[in-house]
Amino acid sequence: MNNIIKTSMLLSAALLLPQPAQADKDYRSEAIAMLKRDFQPRGIASVDRLDEDGLQAVCNRSANNPPKEVAQRLEQDQMAAVKLPADGKLLGDWKSGERIAQSGRGFTWTDKPGLPVGGNCYNCHQISPAETSFGTLGPSLFHFGKLRGNGPDMQKYVYTKIYNAKAHNLCSAMPRFGHVGALNEAQIKDLVALLLDLNSPVNK
Amino acid sequence: MMKPLLVLGAVVGTLSCGAVLAQQVVNKPAPPKKAVTKQEAAKSTKDATTAEFEKFREVLEADSPAELFEAKGEDIWKNKRGPDGGSMAQCDLGLGAGVVRGAYVQMPRYFADADKVMDAERRVVHCMTRYLGYQEADIRKQPFSNEQNTPDHVSVVTYVASQSRGMAVAVPQKHPREREAYELGKAVFAYRAGPYDFSCETCHGDDGKRIRMQQLPNLAKKEDAMKSFQGWPGYRMTGGFMLTQQWRMNDCFRQQRFPEPKYLSDAVTTLLTYLTVNANGNVYKGPGVKR
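Just so we're clear, the structure is a prediction, and the values are computed from it rather than from any experiment.

Draft legend 1. Spotlight on the pairing of strand 9 (residues 287-290) of chain B. All names here are of chain B. Because side chains alternate across strand 9, one face comprises the buried residues Pro287 and Val289, and the other comprises Gly288 and Lys290, equally buried. Here four bridges tie strand 6 (residues 231-236) to strand 9, and the two strands are oriented parallel to one another. The partner of Gly231 across the bridge, within strand 9, is Pro287.

Draft legend 2. View of the confidence of the model for chain B. Residue and element names in this part refer to chain B. When pLDDT is averaged along chain B, the result is 83; 77% of the residues meet or exceed 70. Low confidence marks residues 1-44, where pLDDT is under 50. Its contacts with residues over four positions away, or in another chain, come to 89 contacts. Quick note on the complex model: pTM equals 0.87, ipTM equals 0.90.

Draft legend 3. Summary view of unusual backbone geometry. All names here are of chain B. The omega torsion across Met107 and Pro108 is 5°, close enough to zero to call that bond cis. Relative to the helices and strands, Pro108 resides in the loop between helix 4 (65-78) and strand 2 (109-111). Following Trp232, the chain continues into Pro233 via a peptide bond in cis, with omega recorded as -5°. Within the fold, Pro233 resides in strand 6. In the Ramachandran plot, Asp115 falls in the positive-phi region, its phi being about 50° despite a non-glycine side chain. Assignment of secondary structure puts Asp115 in the loop between strand 2 and strand 3 (116-118). Taking the relative accessible area as the measure of exposure, Asp115 reaches 41% and is therefore partly exposed.

Draft legend 4. Geometry of the side chain of A:Asp111. All names here are of chain A. Along the polypeptide, Asp111 turns up in the loop between helix 5 (94-102) and helix 6 (121-124). Of the side chains with opposite charge, Arg105 lies nearest to the buried Asp111, which makes no salt bridge, at 4.8 Å. Side-chain polar atoms of Asp111 contact the backbone nitrogen of Phe107, separated by 3.4 Å. Within the structure, the side chain of Asp111 is placed 2.8 Å from the side chain of Thr108, a separation counted as a polar contact. In this view, Asp111 contacts Ile44, Arg105 and Gly106; residues no more than four positions away in its chain are not counted.

Draft legend 5. Inspection of the domain arrangement of chain A at higher detail. All names here are of chain A. Partitioning chain A into structural domains gives domain 1 (3-77) and domain 2 (94-203). Taken together, the contact between domain 1 and domain 2 spans 15 residues of the former and 13 residues of the latter. Carbon and sulfur atoms make up 64% of the surface buried where domain 1 meets domain 2, a total of about 1,100 Å² over both sides. When residues of domain 1 are sorted by the area they lose upon contact with domain 2, Ile44, Leu55 and Glu75 head the list and together hold 50% of the total. The interface formed by domain 1 and domain 2 contains one salt bridge. Among the salt bridges present, the one from Asp53 reaches Arg176, with a minimum N-O distance of 3.0 Å. On inspection of domain 1 and its partner domain 2, the count reaches three residue pairs in polar contact (both at pLDDT 80 or more). Of all the secondary-structure elements, those providing two or more residues to the side of domain 1 that touches domain 2 are helix 3 (54-61) and helix 4 (68-80).

Draft legend 6. View of the interface of chain A and chain B. At the junction of the two partners, chain A supplies 52 residues and chain B supplies 45 residues. For the chain A and chain B pair, buried surface summed over both sides reaches about 4,500 Å², with 55% attributable to carbon and sulfur atoms. Counting the surface chain A buries against chain B, the share from its top three residues, A:Phe39, A:Trp109 and A:Leu137, is 15%. At the junction of chain A with chain B, the criterion picks out four salt bridges. Our count for the contact surface shared by chain A and chain B stands at 26 residue pairs in polar contact (both at pLDDT 80 or more).

Draft legend 7. Looking closely at the packing of helix 8 (residues 152-163) of chain A against helix 9 (residues 185-196) of chain A. Residues and elements named next belong to chain A. Orientation of helix 8 relative to helix 9, taken along the N-to-C sense of each, is 130°, at an axis distance of 9 Å. When the axis of helix 8 is compared with that of helix 9, the two are oblique. Between helix 8 and helix 9 lies a crossing whose hand is right-handed. Here Met154, Gln155, Val158, Tyr159, Ile162 and Tyr163 of helix 8 lie close against helix 9, whose contacting residues are Glu185, Ile188, Lys189, Leu191, Val192, Leu195 and Leu196. Partitioning the contact of helix 8 with helix 9 into residue classes produces 10 nonpolar, one polar and two charged.

The rules behind these values
Residues numbered from 1 in each chain as written. Chains lettered and ligands numbered in written order. Predicted model: local features only at pLDDT ≥ 70, side-chain atom pairs only at ≥ 80, totals over all residues. Heavy atoms only, no water. Buried < 20%, exposed > 50% of the residue type's maximum accessible area, 1.4 Å probe, protein only. Helix = DSSP H or I, 4+ residues; strand = E, 2+ residues; numbered from the N terminus. Pairing = 2+ DSSP bridges. pLDDT = per-residue confidence, 0-100. Contact = heavy atoms within 4.5 Å. Lys, Arg positive; Asp, Glu negative; His and termini not counted. Salt bridge = Lys/Arg side-chain N within 4 Å of Asp/Glu carboxyl O. Polar contact = N/O pair within 3.5 Å; in protein donor to acceptor, adjacent residues only side chain to side chain. Domains from an automatic or database assignment. Buried area = accessible area lost by both parts, 1.4 Å probe. Axes fitted to C-alpha atoms, helices over the stretch in contact; angles between N-to-C directions. Parallel < 35°, antiparallel > 145°, perpendicular 65-115°, else oblique. Left-handed = near helix turned anticlockwise from the far one by under 90°. Nonpolar A, V, L, I, M, F, W, Y, C, P; charged D, E, K, R; others polar.

Shown next as structure tokens:
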């Protein structure tokens, strides 16, 4: 699907949202204008990062709770943009996956430009039992493959979840790692292996 | 009010080390490294944090580090020490010319002379440039402290803050501009954007969450909101300098993968208005210590 069609779909979806009270609307647009006035680029963090994309606009306008039909439509959109590996293989190397999951580096104005960056996974999730310093913004992923299985469907679910968490849950707190080009195909495969490979410490 | 004991002056803030979403390099040799193993820490973050601070408490109490900056700031405020030899006697922090006591817990507020809502740091810089001959451009060159230097305005903010020790936060919401600042700050707090779709709320909008081992206060909630105020300005143990709320906002925008907020801008003031009004009624214990 081309970008123009996509954008217009997002916009029309945004219009389906219940209109907020007049006062709220004013503060929101005033706040956005203020942000644009009051921020400056630094390092790799350019000011265009302040612009909402269509999905962010829908989540922001609905306090992260858009009407179900809107959410479903936009999730489908996000899913349609997921690129699955051409070789059809989704399981990489869990050891490398563990390293990617550990790193929180990337995309701040003190980070160097360019890739690869870290996955930040431990900032939000419990994963391998050996790492006891883990965040709790997301659910525990310990024993993920053991509990949920590791067949083709589950592999595809995990790959697409990491690639674009919003394809499954529109206003999720989890970033869209593949969608924004933060993690590449090989890295995502390694992370899928970390969660699903039965030899991974996650599933021991 | 009596000058509090050094010991009581040091408010122990949240401890956190190592990998935040964005890792930071700390050059200076830090006070003793992790006092507890990761496994112990996992059992109970609170206990681990407390335990770690207990190890430092003696050192902190013997030599309350924030106190040094309070004294330096007081000196600048009282002793005509600015480049022009001017005086802060005319500086109005909201309670009248020259009145410092109680002012810190009542900012941000609307200042008619500037026709702006200003937070404490913004107001202090305003007065230092107006009455002491400091140049705003110079201050902007190094707004925040680092290992080499804690700038004068940060010491003055620390002094001003110390003069509200033991007082309840009471940020006014009478003036329409003050109410507007609150609403704008609230909107900024919830605004998701950037490569990771983060807003302040993504990390600070729920109860009892953590990033790694760092507790995330739910800043929209009255009980937690005081965490945005308590212990600030804070002495950074891992570097030996004072950091202000302006710095905290700056660094959280960095973690949010946003571009940088301009120093002393409305975006930061409105956010501080939102956070501090949410904290109204809680007692401020004075400048503190942060990791």
